[in-house]
Structures are given as C-alpha cells and as structure tokens.
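# Structure assessment
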There are 2 protein chains.
Amino acid sequence: MDEQEKKILLVEDDPNFGTVLKDYLMMNDYAVVHAKNGMEGFEKFKKDDYDLCILDVMMPYKDGFTLAKEIREKNADVPIVFLTAKAMKEDVLKGYKVGADDYLNKPFDSEVLLMKIKAIMARKATDTVADSKQFEFKIGNFDLNSKLRFLTYKGGDQTKLSPKENELLRLLALHENDLMPRELALTKIWRDDNYFTSRSMDVYIAKLRKYLKVDDKVEILNIHGEGFRLVVNAD
Amino acid sequence: MDEQEKKILLVEDDPNFGTVLKDYLMMNDYAVVHAKNGMEGFEKFKKDDYDLCILDVMMPYKDGFTLAKEIREKNADVPIVFLTAKAMKEDVLKGYKVGADDYLNKPFDSEVLLMKIKAIMARKATDTVADSKQFEFKIGNFDLNSKLRFLTYKGGDQTKLSPKENELLRLLALHENDLMPRELALTKIWRDDNYFTSRSMDVYIAKLRKYLKVDDKVEILNIHGEGFRLVVNAD
DNA sequence: GTAGCATTTAACCTTACATTAACAAAATGC
DNA sequence: GCATTTTGTTAATGTAAGGTTAAATGCTAC
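Thresholds applied
Residues numbered from 1 in each chain as written. Chains lettered and ligands numbered in written order. Predicted model: local features only at pLDDT ≥ 70, side-chain atom pairs only at ≥ 80, totals over all residues. Heavy atoms only, no water. Phe/Tyr/Trp six-rings, centres within 6.5 Å; stacked < 30°, edge-to-face > 60°. Buried < 20%, exposed > 50% of the residue type's maximum accessible area, 1.4 Å probe, protein only. Helix = DSSP H or I, 4+ residues; strand = E, 2+ residues; numbered from the N terminus. Lys NZ or Arg CZ within 6 Å of the ring centre and 35° of its normal. Contact = heavy atoms within 4.5 Å. Near = heavy atom within 4 Å. Polar contact = N/O pair within 3.5 Å; in protein donor to acceptor, adjacent residues only side chain to side chain. Nonpolar A, V, L, I, M, F, W, Y, C, P; charged D, E, K, R; others polar. Pairing = 2+ DSSP bridges. Axes fitted to C-alpha atoms, helices over the stretch in contact; angles between N-to-C directions. Parallel < 35°, antiparallel > 145°, perpendicular 65-115°, else oblique. Left-handed = near helix turned anticlockwise from the far one by under 90°. Buried area = accessible area lost by both parts, 1.4 Å probe.

On inspection of all chains with the given rule, the structure shows 11 aromatic pairs over all chains. Pairing A:Phe45 with A:Tyr50 gives two aromatic rings, centres 6.4 Å apart and planes at 20 degrees, and the pair type is stacked. Its relative accessible area of 10% is what places A:Tyr50 among the buried residues. Ring plane angle 65 degrees and centroid distance 5.1 Å describe the contact between B:Phe65 and B:Phe82, whose orientation is recorded as edge-to-face. With B:Phe65 in helix H3 (residues 64–74) and B:Phe82 in strand E4 (residues 80–84), this pair connects stretches of sequence that are 17 residues apart. Judged by relative accessible area, which is 0%, B:Phe82 ranks as buried. Between the NZ or CZ atom of B:Arg199 and the centre of the ring of B:Tyr195, over which it lies, the distance is 5.2 Å. A cation over a ring is seen here: B:Lys207 above B:Tyr204, with NZ or CZ 4.7 Å from the ring centre.

All right, on to the environment of A:Asp193 then. Residues and elements named next belong to chain A. Here Asp 193 lies in the loop between helix H7 (182–190) and helix H8 (195–212). Exposure remark for Asp 193: the relative accessible area of 43% places this residue in the partly exposed category. Each C-alpha atom, one on Asp 193 and one on Glu 183, is 7.0 Å from the other, the two residues being 10 residues apart in sequence. The contacts of Asp 193, once residues within four sequence positions are left out, are Glu 183 and Leu 186.

Before going further, it helps to examine the protein's contact with DNA strand D. Taken together, 23 residues form the shell around DNA strand D, and within it A:Arg199, A:Arg209, A:Gly225, B:Arg199 and B:Gly225 come nearest. Taking the atoms of DNA strand D that fall within 4 Å of the protein, sugar and phosphate contribute 65% of them. Within the backbone of A:Gly225, an N or O atom sits 2.9 Å from a phosphate oxygen of DNA strand D. Side-chain polar atom of B:Arg182 to a phosphate oxygen of DNA strand D: 3.1 Å apart, as the coordinates give it. Among the secondary structure elements, those contributing two or more residues to the surface near DNA strand D are H8 and strand E11 (218–223) of chain A together with helix H8 (195–212) and strand E11 (218–223) of chain B. Class assignment for the residues of the surface near DNA strand D results in 8 nonpolar, 6 polar and 9 charged.

Take the sheet that holds E11(A) next. All names here are of chain A. The strand order across the open sheet built from 3 strands is E10-E12-E11, with neighbouring strands paired in antiparallel fashion. Where the open sheet ends on each side, the last strands, each with one partner, are strand E10 (179–181) and E11. Averaged over all neighbouring strand pairs, the angle between strand axes comes to 30 degrees, with direction disregarded. In this structure, E11 lies alongside strand E12 (residues 227–232), joined through 6 bridges in antiparallel fashion. Each residue of the ladder has a partner; that of Val 218, found in E12, is Val 232. Sitting on the sheet, H8 touches E10, E11 and E12, and the angle it makes with E11 is about 155 degrees.

All right, on to the protein's contact with DNA strand C then. The environment of DNA strand C is formed by 23 residues, the closest being A:Ser162, A:Trp190, A:Tyr204, B:Ser162 and B:Phe196. Put simply, 78% of the atoms of DNA strand C that lie within 4 Å of the protein are in sugar or phosphate. B:Ser200 is positioned such that a nitrogen or oxygen atom in its side chain is 2.9 Å from a phosphate oxygen of DNA strand C. Those elements giving two or more residues to the surface near DNA strand C turn out to be helix H6 (163–174) and H8 of chain A together with helix H6 (163–174) and H8 of chain B.

All names here are of chain B. One can describe the packing of H6 onto helix H7 (residues 182–190) by two numbers: an axis separation of 11 Å at closest approach and a directional angle of 140 degrees. In terms of orientation, H6 and H7 fall into the oblique class. H7 is crossed by H6, and the crossing has right-handed handedness. Residue-level inspection shows Lys 164, Glu 167, Leu 168 and Leu 171 of H6 in contact with H7, the latter providing Leu 184, Ala 185, Lys 188, Ile 189 and Trp 190. When its residues are assigned to classes, the contact of H6 with H7 shows 6 nonpolar, no polar and 3 charged.

Listed as interface residues are 30 residues of chain A and, on the opposing side, 33 residues of chain B. Between chain A and chain B, the buried area comes to about 2900 Å², and carbon and sulfur atoms account for 55% of it. If you look at where chain A meets chain B, you find 4 residue pairs in polar contact (both at pLDDT 80 or more). Elements with a minimum of two residues in the side of chain A that touches chain B: helix H4 (89–97), helix H5 (110–124) and strand E9 (157–160) of chain A.

Hydrogen bonds between backbone groups are what pair the strands of a sheet, and the pairing can be parallel or antiparallel. Residue and element names in this part refer to chain A. If you trace the 4 strands from one edge of the open sheet to the other, you get E6-E7-E8-E9, paired in antiparallel fashion. Pairing within the sheet leaves two strands with one partner each, and these edge strands are strand E6 (136–139) and E9. Between one strand axis and the next, the sheet turns by 20 degrees as a mean value, whatever way the strands run. Sheet topology note: the strand E7 (residues 142–145)/strand E8 (residues 150–153) ladder contains 4 bridges and is antiparallel. Note that in E8 the partner of Asp 143 across the bridge is Thr 152. The strands that H6 touches are E6, E7, E8 and E9; relative to E6, the one it contacts most, it runs at about 70 degrees.

Pasting the structure below:
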C-alpha cells in the first residue's frame, strides 16, 4: 500500500466549470476522473474504485440523484457530495435520503470544498485491516511477512525489506518452485519493461539472493530468457 | 448495538431557540442534553458519552470553536455540527479544521438538520472501529491509561502525556505489533495530511520513543513510506 | 500582563530506496 | 569459436522519507 493519491469521480455536465474544478482538485493532489454526464459517470464508476464522488445535481438525461442511487446500489460506502445551483430544501432532503455525505451550493468557495473533502476523507480513514490477500509466506527456513515487509530466518533474525525487495520476493513466493516470468515482475512491480527496469530488477534479484544465502536450501535460479524460479530444496 | 436512543449534546445560549430545538429533536427520538453556554457544555460533555454534539458558534465567554477544541482533546471521534448565524468563509474553514462534521447556517430548516443528523449517525454506524473504545493498554512493562493520559512504568513511575502524545500512543497500541499507517494518524489525530503535520507527527514519535526507552522490550519502528509499528518483544 | 505548557514550524541532517551506468560473466546461436 | 543477447555485480547518484533540534506560536491559567 503505497502513498496513493485519492481518486475522485467528478460528474459535471458544464464543460467549463467541470474542467476548472477538475484542475483545481488535481492541483491539490487528487486523482480526478471527469465524466460529462450521468451515463458516462456510472460507466466510469463501474470501471474503477473511487474514494469520493462529486455529482452535479442538474444534468440532462440522468440527474445527480438518479446517478447517486445507482452508485449506492453498487457501493454503499463511497462518500457522495452533491453540487447544486439552487438551494431548494426538497433537493437537499432528497440528497441526504440517497445518502449524501455533503452538499454544496454553487457558487461555492473552492477552499470550502477542499476542507469538506478532507473532512470526509478523514472520516473514511478507517483502519481497514489488511484485505485477506496473502501476505505471509514460508520459504524454507524463512518467513516472509509481506505486509510489514520483513523476512525472518528460523524465527530469529529479521531483515527489513524495501518495498521493491518485498514485492519481488512476494511474487517469487507466489510462484514457488515455478517460473516467475521476468515480464510479470516488470509489468506488475515496475509498470514498465525496458532495458533499465530490467537491469534494476536484476539488482533486486541480487539483493534477495544475498538475504536468502544463509539458507542453502533456498535459491533463486534464472531461466534464461524467461524469468526466475524460487526453489526450495528438500533437506 | 441495541435500540438505544442516540444522545445529543446541544450547546446553545439562546434560551428560546435552544428549547425549541431541543424539543424538536426529542420529538424525533433523540436524547438531548441542553447546555446554555460553552462552560456548561464542556462540563456536561465530560460527564457523559454523546453520539453527537451540536454547538452554536456565537456564544458568550466560550465560543463554539473553543469548545469544539476542548471536546476534541477528550474525544477525537465524536461528530460535531456547528450552528452559525453568519456564513463567513473563515468561520467555515475554522470549523472544518477543528474537525467539524457539518455546518448549518441559521436560520436553517429543521428537517434539513434532522437529515444531516441521520446522515452523520449512519456514517458513524458503518465506521468499523468507531466502537473501539479501548482506553487502557498494556505495552510491555508500561500501562497506558488513555483516558487520564498517563503512562506508568512497572506500576511505579508515571509520565503525564499531552493530548497528542496520548492519541498517538493509543493509536499505535491499537495496532500493536502491526502497521499503524502514517496516514491514519495524520487524518485521525491531525485531521490533515501535509508536510508540516507529517513533521509534527515525527516530533511526537520522537517524544514517545524517549518515554518508551526505559523499557528495551518496547520500540517504535518505522516502515519506510508506510507508517510505524509499536513492537513489544518477548523477554 | 507573563509564566508555563503544548504544539507547530523551520531548518537541517541522516538514512533508505530506487535508478543508472559501466562493466563482467554466462548463455545461446550461428 | 565468436558474436550477440541476457544476466550478474558494483558503485554513484538523486530523491524522498524520516529524524532531530530549537525557535516561534498559541493557549491557559495565574
């Protein structure tokens, strides 16, 4: 889990206002996806996970409330903020009914919006304890704790692993005794496959080999032109 | 949780308005305690646990913000809604900084307030750890009393902790031996995540490390780019 | 007011991490 | 064998994160 930007889905049909708002949010380190109408908004929502949705209420074809309802059916938790030109009481009530987290009347102050977003995100910051992805591995005499990024030898010595070391070893462990294609690591961990990332990966393979050296049952073999293989030999 | 009435602390100095609002909320099945000024509000807050605080901003002697800050020192989680006559941008920002959950301008529609309250309560309900009301921890040879904010070493030496020290150590203890994400502390305790709050947090980590130093089984480890880990080693 | 705290800000330092570069050594294919 | 590609190794460099310290600020209480 690295320093990820928070992802915001912004659904706003006014192209000028939408673009300005998007830029402003991006300047404040949010990753923003801008949909130009309700339909598009729902498509984009289904395709990805968002930390927050900002919906304009007044939109052609599919208004913000309808969209909010659809979003709620898919995901009961994602915070929703409505933008609205008029401050009609009925609208506000309707908004809270579909589970709005907040409400903003246009024109609104951008700093206020920012604070609201921060407040909502902070609320959300639950201690989501580790999704049950696999984070612990036994590798010969080693135990790899991939969440806390350390490698224990025979229950004793702990080696801290850097994020890349950790990811790489985890990927190898997931393919224990089997081929872990070079390309897999490069695309999954380095997100790019070129001469330099490849060289970088080799550097990390070397580091891992150094850590694993203390147990002579464990080794990382190269399969020329294919990838690597984490082998655990019997005693 | 059982079918308990939710308890609301209402702090409002205008006796007429306060009484009307209190009655209205009670009619809607909330248990309401009405304090007539900031001082009284804080006294009442300390005496009981509330699910929500509604604070008037403009009050003699102790305004709503000051009160909110005091409340926050005691309890970082309780939702706070401000009532204010004027909609000054600075005020709104100030409100969110002290951790407001919402903001209402007087005169406001009572139904809107009700919806907001419902929305906030619903949010709280889904907040998984909101109920982790644990205030006493054993950390190696230390005992942390997080309510009274002190740290005892081997039943003897007591160190008083400042509010921030206390919250931070508590958060670490809640995740003992596990990762306590940096971001979690920053959003929960500092309510903001930027370069300076991050540096501030480091200062507090240093303070805690100094306190904990006397017990060499206990340490706070950093996990680069992720957060911290309070480790208690076996003897 | 000012004394005494808690907290933030600021500057600065250290460490951790990832990449790059240059080169050596294997492996492969002809 | 020798040319080419792939892998291995080491060191340097750059940057980001974390750590430390002291001063500045803000608050409360006297």
